[in-house]
Amino acid sequence: MKDIIQIKNISFNYPDQPLLFDKLSMDVHEGEWTAIIGQNGSGKSTLARLIDGLIVLKSGQIVVDGLTVNDENIFEIRNKIGMVFQNPEDQFVGATVEDDVAFGLENRQVPREEMHRIVEKSLRQVGMWEFRDRIPANLSGGQKQRVAIAGIVALSPKIIILDEATSMLDPRGRQEILSLVNEIKKQNKLTVISITHDIDEAAGADWVIVVNNGAIVEEDKPDNIFGDIEKLESIGLSAPFTSQLMTALKARGIDSHSQYLNDERLITWIKKLISTK
Amino acid sequence: MDQEINFNQVTHTYQVNTPFAQDALDNVSVTIAPGSFTAIIGHTGSGKSTLVQHINALLKPTTGEIAVYGRTINPNTTNKNLKQLRKHVGMVFQFPEKQLFEETVIKDIMFGPKNYGVSEQDARRDAEDAMKLVGLDENLSEKSPFDLSGGQMRRVAIAGVLAMKPQILILDEPTAGLDPRGHKEIMDLAQELHDQQHMTIILVTHQMDDVVDYASDVIVMDQGKIVKHGNPQEIFSNPQWVYSMHLDLPSSAEFATRLVDEGVPLRHTPLTIEKLADEIAQLVQGGQEHE
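Residues numbered from 1 in each chain as written. Chains lettered and ligands numbered in written order. Predicted model: local features only at pLDDT ≥ 70, side-chain atom pairs only at ≥ 80, totals over all residues. Heavy atoms only, no water.

Chain B has the name Energy-coupling factor transporter ATP-binding protein EcfA2 in an unreviewed UniProt entry, where Lentilactobacillus otakiensis DSM 19908 = JCM 15040 is given as its organism. Under the Subcellular location (unreviewed entry) heading, UniProt states for chain B: "Cell membrane". (UniProt positions renumbered as here; feature names shortened; annotations may be inferred.)

If you look chain A up in an unreviewed UniProt entry, it shows as Cobalt/nickel transport system ATP-binding protein from Lentilactobacillus otakiensis DSM 19908 = JCM 15040. Under the heading Sequence similarities (unreviewed entry), UniProt records this for chain A: "Belongs to the ABC transporter superfamily."

Next comes the structure, spelled out in structure tokens:
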């Protein structure tokens, strides 16, 4: 599988602060959903900003879809990446939902007719077409995040980076946004990088990278990451709900002998236990 | 009983006398017991924040009255003479770290008490006590609050409220945006203030697991009305009703309903992982004993 992002031996520090990353390397596979998890201050968001060229490396190299992140390539690279931040309000510029989604296209001088078509398609894809005349500030948190996503989808990126994009939403809003991004990922054949400390969100990823103090602690499939509750807790994270339930069952003598089961598999296993009792 | 918080037929209308008039609170009557840990839940726009902002008279009722600590707030209440009330009722807003502004942590925490006329020396002592309460190391005192981590900044902001020694602490989504460790630290702090300092805690939240883990009382709001008031077990016992309020179930109850949908005959709606594990164990092992 192709690595759409290659991070090679990067070092970085903020001015007057110690090194946050010291020769860090990692790859992101094309077409996968990669979750980068770690506690506040672990360096997750800095990583996203380095990939998008918003801040500059001290040493090392980042390659995005074959292009090295540098001054020369930066605009081409940003066309490939859509970033969704924690608070969409920080990014709204348009007076209406429709204007806001059109903004990025105007910037790229897309012809008017085509722009209308793309804006409508993008807003329909996120389920916000009916809200096209509304003022973004008056929408709910989840709706705002949908509009922000439409603005990104309109520019047809290859990669979407969610930087704690759901952390301000209630659990239901969070679930809706994640299913939406998953749907768009499939339809538009995107790569998704999700930076999060929501463990249940990371549990749904194809690949999980655990970051602590600027270093990669572990990277693996969710199944292999979420079996070790103690390790997760030792770096300020929590275990997914199913891992906690499996631990509680094990304490009652009911052992699945699996490292980790997601919701569906755990339900299937419990059903089997009861039906064969 | 003058320590209770009592809402008597309170209505609050935003933009009154305009075409945009909207009832954010609609004839609300409720008593919040002193010393309780009360969670207020309801979907976005249901009136939770409007309700709690009446408790320290940040908002005044359009009709009706609120009694807090022997003080009555009614439509005619002016902003004069509210100092005592606001000293009793500490309010921590969402993302309170956005309100930090002083050069050092200690100065920021001292700002509140000094504002209430406490001497420099006493304000410093109160601020130091508050830092201890929230678990901030004293060697952070002279640091800039803006050099701290997100979780620490939030604790500075909460310490600033605690330095005024309130008896009632209102927390409006205090853990939004924090990682799991920061989340647990803030919630454990709320519990400690409740258990050891005997404060009345009022928590506005979307996190149903916190409601189960920490609250003794729950108020459910919908469209400006209080639709249910009870303990967590009473509130969450009927999953269909909870969903009809556009609310989530606690994780364990949610998982239990999925098991029931799949034909696993659980008898109760368990609110915690331990209880859920008990229920499952009973089904699995209870059956084995019969064989």
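With that out of the way, let us pick up the pattern of salt bridges. This model, assessed by the stated rule, comprises 25 salt bridges over all chains. The partner of Glu274(B) in a salt bridge is Arg252(A), with the nearest N and O atoms 2.9 Å apart. Placement of Glu274(B) in helix H11 (residues 273-290) and of Arg252(A) in the loop between helix H10 (241-250) and helix H11 (263-275) is noted, with the two residues assigned to different chains. A residue is classified by how much of its surface remains accessible, and Glu274(B), at 46% relative accessible area, is partly exposed. Glu103(B) is the salt-bridge partner of Lys107(B), the closest N and O atoms lying 3.0 Å from each other. By relative accessible area, which is 56% here, Glu103(B) ends up exposed. If you follow the salt bridges from partner to partner, you end up with Lys2(A), Glu30(A), Asp65(A), Lys80(A) and Lys158(A) in one network. (Salt bridge = Lys/Arg side-chain N within 4 Å of Asp/Glu carboxyl O. Helix = DSSP H or I, 4+ residues; strand = E, 2+ residues; numbered from the N terminus. Buried < 20%, exposed > 50% of the residue type's maximum accessible area, 1.4 Å probe, protein only.)

Our focus in this paragraph is the UniProt feature "domain: ABC transporter" (unreviewed entry) in chain B. Mapped onto this numbering, the UniProt entry gives "domain: ABC transporter" (unreviewed entry) at residues 5-248 of chain B. Helix and strand shares over residues 5-248 of chain B are 35% and 25% respectively, and the end C-alpha atoms of the span are 27 Å apart.

This part takes up helix H6 (residues 171-188) of chain A. All names here are of chain A. Here H6 is 18 residues long and its end C-alpha atoms lie 26 Å apart, about the 26 Å a rise of 1.5 Å per residue gives. Taken as a whole, H6 has its buried residues at Gly173, Arg174, Ile177, Leu178, Leu180, Val181, Ile184 and Lys185. For H6, the angular spread of buried residues about the axis comes to 160 degrees, placing them on one side. Contacts made by the buried residues of H6 are with strand E3 (33-37), helix H4 (112-125), helix H5 (141-153), strand E7 (159-163), strand E8 (191-196) and helix H7 (199-202). Of the residues trailing H6, Lys189 is marked for its positive phi of about 50 degrees. (Expected span 1.5 Å × (residues − 1). Arc of directions from axis to C-beta. Contact = heavy atoms within 4.5 Å.)

The next subject is the sheet that holds strand E5 (residues 67-68) of chain A. All names here are of chain A. Strand order in the open sheet formed by four strands is E2-E1-E4-E5, and the pairing between neighbours is antiparallel. Each edge of the open sheet is held by one strand with a lone partner, namely strand E2 (21-29) and E5. Alignment of strand E1 (residues 3-12) against strand E4 (residues 59-64), held across five bridges, turns out to be antiparallel. Looking at E4, one finds that Ile7 is bridged to Ile62. Packing of helix H1 (residues 44-51) onto the sheet brings it into contact with E1, E2 and E4, and relative to E1 it is tilted by some 115 degrees. (Pairing = 2+ DSSP bridges. Axes fitted to C-alpha atoms, helices over the stretch in contact; angles between N-to-C directions.)

This paragraph deals with the environment of Ile219(B). Mapping Ile219(B) onto the fold places it in strand E9 (residues 217-222). C-alpha separation for the pair Ile219(B) and Val161(B), spaced 58 residues apart in sequence, amounts to 24 Å.

This paragraph deals with the domain arrangement of chain B. Residue and element names in this part refer to chain B. When its domains are assigned, chain B resolves into domain 1 (1-85 + 202-237) and domain 2 (250-286). One C-alpha centre belongs to domain 1, the other to domain 2; they are set 33 Å apart. The interface of domain 1 with domain 2 comprises seven residues on the first partner and five residues on the second. Here domain 1 is connected to domain 2 by zero salt bridges. The tally of links from domain 1 across to domain 2 stands at one residue pair in polar contact (both at pLDDT 80 or more). Of all elements in the fold, only helix H7 (208-214) and helix H8 (232-236) reach the threshold of two or more residues within the side of domain 1 that touches domain 2. (Domains from an automatic or database assignment. Polar contact = N/O pair within 3.5 Å; in protein donor to acceptor, adjacent residues only side chain to side chain.)

Membership of the largest hydrophobic core comes to 52 residues, with the highest contact counts inside it found for Ile41(B), Ile109(B), Leu169(B) and Phe236(B). Top element by residues in this core is helix H5 (residues 150-162) of chain B. It accounts for seven residues. Ignoring sequence-local partners within four residues, the contact set of Ile109(B) consists of Ala127(B), Ala130(B), Met131(B), Val156(B), Ala159(B), Gly160(B) and Ala163(B). The next biggest cluster of nonpolar side chains, apart from the first, holds 50 residues, and it includes Ile37(A), Ile118(A), Leu169(A) and Ala205(A). (Core = buried A, V, L, I, M, F, W, Y, C linked by side-chain atoms within 4.5 Å.)

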